[in-house]
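Here are the chains, one letter per residue:
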Amino acid sequence: HWKVLGLISAGAFLDAFDIYLAAGALGAMVKSGFSDLRLNALFISVTFLGMLIGAGFAGYLGDRFGRRSSYQTNLLIFGIASIAACFVPNMTWLIALRLIMGIGLGAELVVAAGTLCEFLPPASRGRWTALLAFIINSGLLVSTAVGYVVIPHLGWRYMFAIAGVGAIIVWVLRHRMPE
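Rules used in this analysis
- Residues numbered from 1 in each chain as written.
- Predicted model: local features only at pLDDT ≥ 70, side-chain atom pairs only at ≥ 80, totals over all residues.
- Heavy atoms only, no water.
- Axes fitted to C-alpha atoms, helices over the stretch in contact; angles between N-to-C directions.
- Helix = DSSP H or I, 4+ residues; strand = E, 2+ residues; numbered from the N terminus.
- Parallel < 35°, antiparallel > 145°, perpendicular 65-115°, else oblique.
- Left-handed = near helix turned anticlockwise from the far one by under 90°.
- Contact = heavy atoms within 4.5 Å.
- Nonpolar A, V, L, I, M, F, W, Y, C, P; charged D, E, K, R; others polar.
- Salt bridge = Lys/Arg side-chain N within 4 Å of Asp/Glu carboxyl O.
- Buried < 20%, exposed > 50% of the residue type's maximum accessible area, 1.4 Å probe, protein only.
- Polar contact = N/O pair within 3.5 Å; in protein donor to acceptor, adjacent residues only side chain to side chain.

Chemist: What exactly am I supposed to notice about the packing of helix 4 (residues 91-119) against helix 5 (residues 125-154) here?
Modeler: In a packed pair of helices, the relevant descriptors are the angle between the two axes and the axis-to-axis distance. Packing of helix 4 against helix 5 brings their axes to within 10 Å, and their N-to-C directions diverge by 150 degrees. By the criterion of interaxial angle, the relationship of helix 4 to helix 5 is roughly antiparallel. Every pair of crossing elements has a handedness; the one defined by helix 4 and helix 5 is right-handed. Contacts between helix 4 and helix 5 pair Leu-109, Ala-112, Ala-113, Leu-116 and Cys-117 from the former with Arg-125, Trp-128, Thr-129, Leu-132 and Ile-136 from the latter. The class makeup of the residues in the contact of helix 4 with helix 5 is 8 nonpolar, 1 polar and 1 charged.

Structural data, given as structure tokens:
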């Protein structure tokens, strides 16, 4: 159970990390002239539009192709899109990629708790799900702390790189997770 929790929560943690990195990254983008407030609002909006789309399809795809397949696909989607975000030439491209990231991010959160509960006995699901939620929500604190150090010294692009590379690492590790 600990191994399954680790694999599931690692992806969900990175999901939260990626969502919360927007605050620091968008501020840095405005300061550098890469973006403005209007484009930042659009960035946030398409993030949640993508999450809505991803969440809407996650359950169906999980039932149709298996939870593990669905889980791996959404992690790969937001991982690759996050890495690609490091190289965007302008905010329009970043917003388009953020929509794609959002699809993977929304699906990740839906599938996480459901997948975890499939491996746990009913009597202890509440405790394990609470632990999963604690790990996911720690993504805010970690993203903020990392952004505090990384953004001023390396720039906002590195925040997307951290989330994307982390997602690919978890994607590789999850190949060991049972269906």
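Chemist: How do you make sense of the pattern of salt bridges when you look at a structure like this?
Modeler: Proximity of charged atoms lets side chains of opposite charge pair with each other. Summed over all chains, the structure comprises 2 salt bridges. Between Arg-98 and Asp-18 there is a salt bridge, with the nearest N and O atoms lying 2.5 Å from each other. Of the two residues, Arg-98 is situated in helix 4 and Asp-18 in helix 1 (residues 2-32); the sequence distance between them amounts to 80 residues. As a salt-bridge pair, Glu-108 and Arg-174 come within 2.7 Å of each other at their nearest N and O atoms. Pair noted here: Glu-108 is in helix 4 and Arg-174 is in the segment after helix 6 (157-173), with a separation of 66 residues, a long-range link. No difference in accessibility class separates Glu-108 from Arg-174, as the two residues are buried.

Chemist: Quick question: what am I supposed to make of the environment of Leu-141 here?
Modeler: Tracing the sequence through the fold places Leu-141 in helix 5. For Leu-141, a relative accessible area of 63% gives the class exposed. With 35 residues separating them along the chain, Leu-141 and Arg-176 place their C-alpha atoms 29 Å apart.

Chemist: What's the story with the side chain of Asn-40 in this structure? I'm lost.
Modeler: Along the chain, Asn-40 turns up in helix 2 (residues 37-65). Looking at Asn-40, its side chain comes within polar contact range of the main-chain oxygen of Leu-26, at 3.4 Å. Residues within four places of Asn-40 in sequence aside, it is in contact with Leu-26, Val-30, Ser-35 and Met-91.

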